[in-house]
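So you can see what is in the structure, the chains are spelled out below.
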Amino acid sequence: MAPLDELDTKLIELLQRDGRASNIELARKTGVSEGTIRRRFRNLVQDEVIRVVAIPDTSKLGRRMSALVGLKVDPAQVESAAEALAKMEEVHYAAVTTGAFDVFCRVSLGSPLELSDFLRNRVGDIKGVRQTETFINLSIKKNVGDFTPTEEE
């Protein structure tokens, strides 16, 4: 894979704003031909620099409560705990981290009652979880899609 240049970077930036922009529109905004845009886009996807995904607005799907959950986990169980979280539908992001928490996840649910049930019955059943701390999002100012490949990819 060749290093990204200024055009690749601009193309990615434009696609982050509007992933459905046409090649003609992208060509106009970057000052290159449509064929160049088509080739660059294809290369970015083939080289796994970008992925094309649909990112739903979870609040419009009935999940109006969004939270970050930090977990303290027994050292031998950190990876399996993060993997268990990653398999849950409510979890949109799960990562092994450094600092005060071993794992962080971002969840969206329909209500405080659903969040309580999630924490007590789903997270509480994960082997090795010693403690959680939940941070409820009051408003989200930026939410860019997840472009970090999982280890399976």
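These notes cover the structure that comes with them. (Residues numbered from 1 in each chain as written. Predicted model: local features only at pLDDT ≥ 70, side-chain atom pairs only at ≥ 80, totals over all residues. Heavy atoms only, no water.)

Some details on the overall build of the protein chain
Phase 1 of the analysis: Within the protein chain, the secondary structure is distributed over five helices and four strands.
Phase 2 of the analysis: Taken over C-alpha atoms, the radius of gyration comes to 19 Å for the protein chain, far larger than the 15 Å a tight globule of 153 residues would show.
Phase 3 of the analysis: Along the first, second and third principal axes, the C-alpha atoms of the protein chain reach 55 × 35 × 20 Å.
Phase 4 of the analysis: Buried positions account for 29% of the 153 residues belonging to the protein chain.
Phase 5 of the analysis: In the protein chain, of all internal contacts separated by at least 6 residues, the share reaching a separation of at least 24 is 66%.
Phase 6 of the analysis: When the accessible surface of the protein chain is totalled, it reaches about 10400 Å², and 50% of it is carbon and sulfur.
Phase 7 of the analysis: With 22 positive and 24 negative side-chain charges, the protein chain shows a spacing of 6 Å between the two charge centroids. (Helix = DSSP H or I, 4+ residues; strand = E, 2+ residues; numbered from the N terminus. Rg over C-alpha atoms; globule rule 2.2 N^0.38 Å. Buried < 20%, exposed > 50% of the residue type's maximum accessible area, 1.4 Å probe, protein only. Contact = heavy atoms within 4.5 Å. Areas by Shrake-Rupley, 256 points an atom, 1.4 Å probe, with all protein chains shown as cover. Lys, Arg positive; Asp, Glu negative; His and termini not counted. Charge placed at Lys NZ, Arg CZ, Asp CG, Glu CD.)

Digging into the pairing of strand β1 (residues 65–73)
Phase 1 of the analysis: Extensive coverage of β1 is indicated by the burial of seven of its nine residues.
Phase 2 of the analysis: Relative to strand β4 (residues 129–136), β1 is paired through seven bridges, and the arrangement is antiparallel. Residue pairing in the sheet places Ala 67 in a bridge with Ile 136 of β4. (Pairing = 2+ DSSP bridges.)

Structural notes on the pattern of salt bridges
Phase 1 of the analysis: With the rule as written, the count across this model stands at nine salt bridges.
Phase 2 of the analysis: Between Arg 40 and Asp 8 there is a salt bridge, and its shortest N-O distance comes to 3.0 Å. Of this pair, Arg 40 sits in helix α3 (residues 34–46) while Asp 8 sits in helix α1 (residues 6–17), placing them 32 residues apart in sequence.
Phase 3 of the analysis: Residue Glu 13 pairs with Lys 10 through a salt bridge whose shortest N-O separation is 3.6 Å. One end of the pair is Glu 13 and the other is Lys 10, both in helix α1 and three residues apart, which spans about a single turn. (Salt bridge = Lys/Arg side-chain N within 4 Å of Asp/Glu carboxyl O.)

Points about the nonpolar core
Phase 1 of the analysis: Grouped together as the largest cluster of nonpolar side chains are 20 residues, with contacts concentrated most on Leu 71, Leu 85, Val 91, Val 103, Cys 105, Val 107 and Phe 118.
Phase 2 of the analysis: Contributing elements (two or more residues each) for this core: β1, α4 (78–86), β3 (103–109) and α5 (112–123).
Phase 3 of the analysis: Per-element accounting of this core gives the leading share, five residues, to β1.
Phase 4 of the analysis: What Leu 85 contacts, discounting residues up to four positions off in sequence, is Leu 71, Val 91, Ala 94, Val 103, Cys 105, Phe 118, Val 123 and Ile 126.
Phase 5 of the analysis: Grouped together as the second largest cluster of nonpolar side chains are 10 residues, Leu 11, Leu 15, Leu 26 and Leu 44 included. (Core = buried A, V, L, I, M, F, W, Y, C linked by side-chain atoms within 4.5 Å.)

Considerations on the packing of aromatic side chains
Phase 1 of the analysis: Within the structure shown, the criterion is met by three aromatic pairs.
Phase 2 of the analysis: For the ring pair Phe 101 and Phe 104, a centre distance of 5.3 Å and an interplane angle of 75° mean the geometry is edge-to-face.
Phase 3 of the analysis: Members of the aromatic cluster, connected to one another through ring pairs, are Phe 101, Phe 104 and Phe 135.
Phase 4 of the analysis: Over the aromatic face of Phe 101 sits the side chain of Lys 72, whose NZ or CZ is 5.8 Å from the ring centroid. (Phe/Tyr/Trp six-rings, centres within 6.5 Å; stacked < 30°, edge-to-face > 60°. Lys NZ or Arg CZ within 6 Å of the ring centre and 35° of its normal.)

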